[in-house]
Amino acid sequence: MSLEMAKKIAAYKAVDDHITDNLVVGIGSGSTIVYGVQRLAERVISENLNLICIPTSFQAKQLILDNGLILGELDRNPTIDVAIDGADECDVELNCIKGGGGCLLQEKIVASCAKTLIIVADHTKNSEYLTEKYKKIPIEVTPIAYIPIKNRIESLFGGDLKLRMGGSAKAGPIVTDNGNFILDWFFDGSPTTDFDGINREIMMIPGVVDTGLFIGMAKKAYFGMPDGSVIEKE
Ligand code: DER
């Protein structure tokens, strides 16, 4: 089975397990959530569901509008019933690294407003511990501060932080939906690394907007497997 099919079966199963009528739904960002939104749109039509969808990025907003779903906003719906989002890595305790798509800030805000956060991913995201497979931790920073933040984190915790560049898509650094830069922290953890403590310390550094460490936030994760099955962790 292809990775795209693995993403699809995970996303479809999560939507079918958690979405009922009259819900406010947080819509994540990335490629796996595309299948989740497709399934939401199918069920809205077939079951005449009443859903309000809160985006986590410009991409998510486009997905909501392009699929004919009702676009909401936190101003009107500050409490979200269920948020569905992807991840770059998810450990045995459902802690996640997110931000591979550069949307971590609004993803974390929406996740924090949700009663339940559901992660959907293909099997390559399923790890024993963070940084086992996904070797970088995205950190959203205020542009003027990226060098002092880089220096501070490297001196505190080691590793190497690189400014995420636009490559052929954009000259210079990536600028997030919020007007910030992304520093990718290449860091080799271990099963015993205290990522919660590290996250708290990094969040104290002036200029750090947020990190891709989603610690203790997810309630359940669905992983699409090569054999067509879906593994569920909670
Ligand atoms: O940027 C993000 O946090 C995305 O949710 C990402 O982690 C998942 O992207 P994918 O579904 O394309 O793997």
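What comes next concerns the included structure. (Residues numbered from 1 in each chain as written. Predicted model: local features only at pLDDT ≥ 70, side-chain atom pairs only at ≥ 80, totals over all residues. Heavy atoms only, no water.)

## Structural notes on the layout of surface pockets
Where empty space is left can be seen by rolling a probe of water-molecule size over the atoms. Heads up, the rule is: In this analysis the probe radius is 1.4 Å and the grid spacing 1 Å, with only protein atoms considered; a cavity is a set of points the probe fits into but cannot get out of, a pocket is an open set with protein on both sides within 12 Å along at least five of seven lines, and lining residues have an atom within 4 Å of a point. Grid points are joined across faces, edges and corners, and a volume is the space filled by probe spheres set on the points. Starting at the N terminus, helices and strands are each numbered in turn, a helix being any DSSP run of H or I of at least four residues and a strand any DSSP run of E of at least two. In this classification, the charged set is Asp, Glu, Lys and Arg, the nonpolar set is Ala, Val, Leu, Ile, Met, Phe, Trp, Tyr, Cys and Pro, and all remaining amino acids, among them Gly, are polar.
Considered as a void within the structure, the largest pocket measures approximately 330 Å³ in volume. Along the wall of the largest pocket there are 26 residues; nearest its centre are S29, G30, S31, G100 and G101. When contributions to the lining of the largest pocket are tallied by element, the ones reaching two or more residues are helix 2 (32-47) and strand 7 (114-122). Residue classes in the lining of the largest pocket are distributed as seven nonpolar, twelve polar and seven charged.

## Details of the sheet that holds strand 2 (residues 51-55)
Stated formally: Two strands qualify as a pair provided that DSSP identifies no fewer than 2 bridges between them. In what follows, a contact means two residues having at least one pair of non-hydrogen atoms within 4.5 Å. Axis definition: a line fitted to C-alpha atoms, over the contacting stretch in the case of helices. Angles run 0 to 180 degrees between N-to-C directions.
In spatial order, the strands read 3-2-1-4-7-13-14; together these seven strands make up an open sheet with mixed pairing. On the outer flanks of this sheet lie strand 3 (70-71) and strand 14 (230-233), each paired with one strand and no other. As judged from the four bridges shared by strand 13 (residues 220-224) and strand 14, these two strands associate in the antiparallel manner. When the bridges of strand 14 are listed, G224 appears paired with V230. On top of the sheet, helix 4 (residues 104-113) reaches strand 1 (23-27), strand 2, strand 4 (80-85) and strand 7; it is set at about 130 degrees to strand 7, its chief contact.

## Overview of helix 5 (residues 146-157)
Rules: Expected helix span is computed as 1.5 Å times (number of residues minus one). Throughout this description, buried means an accessible area under 20% of the type-specific maximum (1.4 Å probe, protein chains only), exposed means over 50%, and partly exposed covers the range between. Regarding the arc, it is the one traced by the directions from the helix axis to the C-beta atoms.
Taking 1.5 Å per residue as the helical rise, helix 5 with its twelve residues ought to reach 16 Å, and the 16 Å between its terminal C-alpha atoms agrees with that figure. What helix 5 keeps buried is the set I149, K150 and I153. Angularly, the buried residues of helix 5 cover 100 degrees about the axis, an arc narrow enough to put them on a single face. The inward-facing, buried residues of helix 5 abut strand 8 (136-141), strand 9 (160-163), strand 10 (181-186), helix 6 (195-203) and strand 11 (208-211). Where helix 5 ends, the next residue or the one after it, G158, has phi of about 80 degrees, a positive value.

## Section: the site of the ligand
Quick note on the threshold: Proximity is defined per residue: if any heavy atom of the residue lies within 4 Å of a molecule or strand, that residue is considered near it. We define a polar contact as two N or O atoms separated by no more than 3.5 Å, with the added condition that, inside protein, one atom must be a possible hydrogen donor and the other a possible acceptor, whereas residues neighbouring each other in sequence contribute only through side-chain atom pairs. In short, Shrake-Rupley with a 1.4 Å probe defines the accessible areas, and a residue's cover is counted only from the protein chains shown. Pocket occupancy is defined atom-wise: a molecule lies in a cavity or pocket when more than half of its atoms are within 2 Å of its grid points.
Contacts to the ligand come from 15 residues, most closely from S31, G99, G101, E107 and K125. One nitrogen or oxygen atom from the main chain of G99 is found 2.8 Å from an oxygen atom belonging to the ligand. One nitrogen or oxygen atom from the side chain of K125 is found 2.5 Å from an oxygen atom belonging to the ligand. For the ligand, whose unbound accessible area comes to 350 Å², protein coverage reaches 92%. Judged by the proximity of its atoms to the pocket grid, the ligand belongs to the largest pocket. Within the shell around the ligand, the residues separate by chemical class into one nonpolar, nine polar and five charged.

## Things to note about the packing of helix 1 (residues 3-18) against helix 2
To keep things clear, this is the line we draw: Our angle categories are set so that under 35 degrees counts as roughly parallel, over 145 as roughly antiparallel, 65 to 115 as roughly perpendicular, and the remainder as oblique. Working rule for handedness: look at the near helix, and if it is turned counterclockwise from the far one by less than a right angle, call the crossing left-handed; if clockwise, right-handed.
Contact geometry of helix 1 with helix 2 gives a least axis separation of 8 Å together with a crossing angle of 45 degrees. As judged from the angle between their axes, helix 1 and helix 2 are oblique. Judged by the sense of rotation from one axis to the other, the crossing of helix 1 with helix 2 is right-handed. Of the residues in helix 2, those in contact with E4, K7, K8, A11, Y12, V15 and D16 of helix 1 are T32, Y35, G36, Q38, R39, L40, E42 and R43. Broken down by class, the residue content of the contact of helix 1 with helix 2 amounts to five nonpolar, three polar and seven charged.

Scope: geometric values only; no functional claims are made or implied.
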